[in-house]
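Below are the chains, spelled out letter by letter.
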Amino acid sequence: MKKLGTPINLLSIIILGVLLFVFGSCKNASIQFEPLVFEPKNISTESIEYAPSFSPSGSEVYFSKSNDKWGKGDIKSSIYYSIKKNQKWSKPKLAPFSGQYDDSAPHITNDGKTLYFVSQRPSEGLQQISLDVWKVERNKDDKWGIPIRLDSPINSLENEYCLRTDKHGNLYFASDRKSGYGQGDLYMVKKTNSGYGPPINLGNPLNTTKGEWNLEVNEEGNIIIFEASEREENLSPYGDLYISFKLNDNWSIPQNIKEINTTGSDLYPELIEDDNILFFSSSDSLESTQTNIYFIEFGSIYDKYKKNAVLLQK
């Protein structure tokens, strides 16, 4: 279980607490909560910050940061972290394994011992450099070791994005490899007694001829939230966030999460606090050249979209 602790200023905590109390006593009411900026002027600044991942204790957060301009061409990101001490988040520092290459989309596993991330860094024996999934593990001194590139077939000659895990050890990620339905697709790799199976395309209705990208899967592995581009329902021509539920071992038709999507880029979801709080990243508008990290109460969003979840008729 990943816990929030006290990640933002006192006023925002009070507001969120009131919203959670109201929601708890009015579960049948139609309530829409506004997203709040996570740690303004500390973690969320005038630079580009996105893709947060919290440690299981809630005392650490890792995220991507860039001083480039969002939507103005390629950006180079590094991974930063902040530690909560005495109920305050520290000034972010560069992660010891990042800074030289383009690194992004950190994900801390449920045991807190492994951090996956995406990097466009060279790897011995590879002539073509693409975005690949890497992992770094904590040693006995609680320090991060040396990053290791995951083997094929998880990584391919094409790009991989945003690996996530569930409590069963299964892996989920996005890739624009040639075997997909469209620009980018969502994949799953099942944990087995002997290691991992081959990547499985999660198929229709999650994947389409358009683009499916950065994703989040809850610990139970029965909720998936992901970024999708160029769908008819999108508010943004770039990326909107969609939610799908596993029903009878099949994924429901994805629904556009209207409470949080904007005309800008909305991406990199992260569920914490037993799926009670949803973090995500947003540029807010087409004109914006920065992104910030936001959070919102998730219970009412869950109830609304779970109630309307249906399977694709075959």
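Residues numbered from 1 in each chain as written. Predicted model: local features only at pLDDT ≥ 70, side-chain atom pairs only at ≥ 80, totals over all residues. Heavy atoms only, no water.

Notes on the environment of asparagine 67
Among the secondary structure elements, asparagine 67 is positioned in the loop between strand S3 (60-66) and strand S4 (78-85). Taking the relative accessible area as the measure of exposure, asparagine 67 reaches 63% and is therefore exposed. Distance in space between the C-alpha atoms of asparagine 67 and glutamine 290 is 8.9 Å, their sequence separation being 223 residues. In terms of polar contacts, asparagine 67 uses its side chain to reach the side chain of serine 47, at 2.9 Å. (Helix = DSSP H or I, 4+ residues; strand = E, 2+ residues; numbered from the N terminus. Buried < 20%, exposed > 50% of the residue type's maximum accessible area, 1.4 Å probe, protein only. Polar contact = N/O pair within 3.5 Å; in protein donor to acceptor, adjacent residues only side chain to side chain.)

Observations regarding the sheet that holds strand S16 (residues 200-201)
Overall, antiparallel pairing links the 4 strands, which are arranged S11-S12-S13-S16 in an open sheet. Both edges of this open sheet fall to strand S11 (160-165) and S16, since each of them pairs with a single strand only. In this structure, strand S13 (residues 185-189) lies alongside S16, joined through 2 bridges in antiparallel fashion. Each residue of the ladder has a partner; that of tyrosine 187, found in S16, is asparagine 201. (Pairing = 2+ DSSP bridges.)

Let's talk about the environment of isoleucine 277
Mapped onto the secondary structure, isoleucine 277 falls in strand S23 (residues 277-282). When the C-alpha atoms of isoleucine 277 and isoleucine 301 are compared, they prove to be 10.0 Å apart, with 24 residues separating the residues in sequence.

Some thoughts on the side chain of serine 236
Relative to the helices and strands, serine 236 is located in the loop between strand S18 (223-229) and strand S19 (240-247). A distance of 3.4 Å separates a polar side-chain atom of serine 236 from the backbone oxygen of threonine 263. A distance of 2.7 Å separates the side chain of serine 236 from the backbone oxygen of glycine 264, its partner in a polar contact. Among residues more than four places away in sequence, those in contact with serine 236 are Thr262, Thr263, Gly264 and Ser265. (Contact = heavy atoms within 4.5 Å.)

Structural notes on the sheet that holds strand S22 (residues 266-272)
With antiparallel pairing, 4 strands are arranged side by side in an open sheet as S1-S24-S23-S22. Edge positions in the sheet fall to strand S1 (36-37) and S22, since each has one partner strand and no second. Pairing analysis gives 5 bridges linking S22 to S23, with the strands arranged antiparallel. What sits directly across from leucine 267, in S23, is serine 281.

Describing the pairing of S3
Counting buried positions along S3 gives 7 out of 7 residues, so the element sits mostly inside the fold. Side chains of S3 alternate between two faces, with Glu60, Tyr62, Ser64 and Ser66 and Val61, Phe63 and Lys65 buried alike. Across 5 bridges, the pairing between strand S2 (residues 48-54) and S3 is antiparallel. Across the sheet, tyrosine 50 pairs through a bridge with serine 64, a residue of S3. Counting the residues that bridge the hairpin from S2 to S3 gives 5 residues, and of these glycine 58 lies at a positive phi of roughly 80 degrees. Here S3 pairs with S4 via 6 bridges, running antiparallel. Residue pairing in the sheet places tyrosine 62 in a bridge with tyrosine 81 of S4.

Quick word on the side chain of glutamate 60
Looking at the element boundaries, glutamate 60 is found in strand S3. There is a polar contact of 2.7 Å between the side chain of glutamate 60 and the side chain of arginine 138. Those residues in contact with glutamate 60, other than ones at most four positions away along the chain, are Ser53, Phe54, Ser55, Ser82, Ile83, Trp89 and Arg138.

Focus on the nonpolar core
Of all hydrophobic cores here, the largest spans 25 residues; its most connected members are Leu186, Leu202, Leu215, Ile224, Phe226 and Tyr268. Looking at this core, the elements that each hand over two or more residues are S2, S11, strand S12 (171-175), S13, strand S17 (211-217), S18 and S22. Once you skip the residues sitting within four places of it in the chain, leucine 202 turns out to touch Tyr172, Leu186, Tyr187, Met188, Asn207, Ile224 and Trp251. Counting 18 residues, the second largest nonpolar core, distinct from the first, contains Phe33, Ile223, Ile260 and Ala309. (Core = buried A, V, L, I, M, F, W, Y, C linked by side-chain atoms within 4.5 Å.)

Regarding the pattern of salt bridges
For the structure shown, the criterion picks out 11 salt bridges. Ionic pairing is found between glutamate 60 and arginine 138, a salt bridge with its closest N-O pair at 2.7 Å. Linking glutamate 60 in strand S3 with arginine 138 in the loop between strand S9 (132-137) and strand S10 (148-149), this pair joins segments that are 78 residues apart in sequence. Here glutamate 60 falls in the buried class, since its relative accessible area comes to 15%. Where salt bridges share partners, they join Glu60, Arg138 and Asp142 into one cluster. (Salt bridge = Lys/Arg side-chain N within 4 Å of Asp/Glu carboxyl O.)

Some points on a nonpolar patch on the surface
On the surface, Ile253, Val310 and Leu312 cluster together to form a nonpolar patch covering roughly 210 Å² of accessible area. Following the sequence through the fold, valine 310 ends up in the segment after helix H2 (299-307). (Patch = residues over 30% accessible without salt bridge, like charges linked within 9 Å, V, L, I, M, F, W, Y side chains within 5 Å. Areas by Shrake-Rupley, 256 points an atom, 1.4 Å probe, with all protein chains shown as cover.)

Observations concerning unusual backbone geometry
Cis geometry marks the peptide bond from serine 152 to proline 153, where omega comes out at 15 degrees. Residue position: proline 153 is located in the loop between S10 and S11. Of the consecutive residues asparagine 204 and proline 205, the connecting peptide bond is found in the cis state with omega at 15 degrees. When you line up the elements, proline 205 lands in the loop between S16 and S17. With a phi close to 50 degrees, tyrosine 268 is a non-glycine residue in the positive phi region. Locating tyrosine 268 in the fold gives a position in strand S22.

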